[in-house]
Amino acid sequence: MSDPSNGQGTSSSSDEDDLLFAAGAALLFGSHAEPYGGPIQKVPCRTSALSGRDWVEEVMSGHHTRIMDATRLNVDSFMQLCSLLAECGFVPQHHQKRVIIEEALAMTLVMMSHNMRMHIIADRFNHSTETVHRNIHEVIRGLCTFAQFIITPRNQDAIHPKILSDTRFYPWFEDCVRAIDGTHIPACVPRRQQVAYTNKHGVQSQNVLAVCNHDMRFIYVYAGWEGSAHDARVLDGALTGPNHFPVPPTGKYYLVDSAYRNLPDFLPPYRGRQADVSGRKRGRFATAKELFNYRHSALRNVIERSFGVLKRRFAILRGAVPNYMMTTQINVVIACCAVHNFIRDQQPNDMYFANPDEGDPTSHGAIPPYPEIQSLHSPPEVVEQWTAMRDTMATHMFNTYRNT
């Protein structure tokens, strides 16, 4: 037995441990060693017997609700949109492309409708995430180009049937052609920009300005402003920037909410206690301002319902937001609005448009030229004339109301 006091026993034990370790390493990691549990083999990740193209064909040929649930389009509308994107060159196609337009559009609509992440879509369509990412972004860019042609004004001079057939609105609002408002879309931004994009609710978002007509079609979308920006500031940016804001025809105007100033072309409700209708008795109005505000709100809420339909249809606009570049997040908003208008034109009986008040959540060619207009600053005398016009409208409306 060795004497541990002289240190020789400890050294001998350490040498033995080193030899055992080296021998074990040689057995486990040597050139002739066999991997534990057998040879290491690559296991295929996406092995579904149904390819992405086969899945699209199956959904299209199956029950009609399947494609509606997956893409928000029926078969005819889906094929028509595919043809538009391909034939007009919005989404480039060539004979060597592995992913045809039907599959690429299906990927994109599934992603926007259900807010699915890339790896989930890659698993469903049996493609790599790189292939899915590339094709979805191609389609989104194509939809943004398509938006230049479908997010446009229509029938600006005629009185809309919704106004003409309703005594609450006609003849008082016969010159109202559209409504304006802003909505907040959740945003994912770098840390250095989070303060600017934080809205009053403490959430990062982009402030999106939109104009819609009485058919719930968007005719202008201005996305990308920081969530902290005031709605009036966003509108001022739209009017002064190179964004081709569609001004109302001469003599017409847009309805806006109280966040905007009362200026020519934009008609807001009255502010103040006399205009508050929250405490009125059912069916009775005490002042002209109350009545005006009530009917103004009833007509202007078409923009709120349009935002509600848009967000209910496309879950990606409700968050959580994918970690995309901000440019892509803006493009997604515009792409969703383009599909919204396309559905409005092609599917008039669409379930979301049929029930707009239910479940409201929180280049090829040039854009048609619009006349330039000034910023939200008008001479005092012009503002006074516009304010007098609103007062006259409210007074006549209230007098007719009291006499009926």
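Placed above this text is the structure.
Residues numbered from 1 in each chain as written. Predicted model: local features only at pLDDT ≥ 70, side-chain atom pairs only at ≥ 80, totals over all residues. Heavy atoms only, no water.

Chemist: Any chance you could explain the environment of Phe149 here in plain terms?
Modeler: Assignment of secondary structure puts Phe149 in helix H7 (residues 129-150). Exposure remark for Phe149: the relative accessible area of 41% places this residue in the partly exposed category. Distance from Phe149 to Ile219, taken between C-alpha atoms, is 9.9 Å for residues 70 residues apart in sequence. (Helix = DSSP H or I, 4+ residues; strand = E, 2+ residues; numbered from the N terminus. Buried < 20%, exposed > 50% of the residue type's maximum accessible area, 1.4 Å probe, protein only.)

Chemist: When you look at the sheet that holds strand S3 (residues 218-226) in this model, what are you seeing that I'm missing?
Modeler: Strands belonging to one sheet form pairs held by backbone hydrogen bonds; the direction of such a pair is parallel or antiparallel. Ordered by their spatial adjacency, five strands build an open sheet running S3-S2-S1-S4-S5, and the pairing between neighbours is mixed. Where the open sheet ends on each side, the last strands, each with one partner, are S3 and strand S5 (266-267). Of the strand pairs in this sheet, strand S4 (residues 253-255) and S5 are connected by two bridges, and their pairing is parallel. Of the residues in S5, the one forming a bridge with Tyr254 is Phe266. Seen against the sheet, helix H11 (residues 288-300) touches strand S1 (176-186), S4 and S5 and runs at an angle of roughly 70° to S1. (Pairing = 2+ DSSP bridges. Contact = heavy atoms within 4.5 Å. Axes fitted to C-alpha atoms, helices over the stretch in contact; angles between N-to-C directions.)

Chemist: Which parts of the structure should I look at to understand the pairing of S1?
Modeler: For S1, the buried fraction is high: nine of the eleven residues fall into the buried class. Examined bridge by bridge, S1 and S4 share three bridges and lie parallel to one another. Within the sheet, the bridge partner assigned to Ala179 lies in S4 and is Leu255. Bridge count for S1 against strand S2 (residues 205-212) is eight bridges, and the pairing is antiparallel. Pairing of Ile180 across the sheet is with Val211, part of S2.

None of this, on its own, says anything about what the molecule does.
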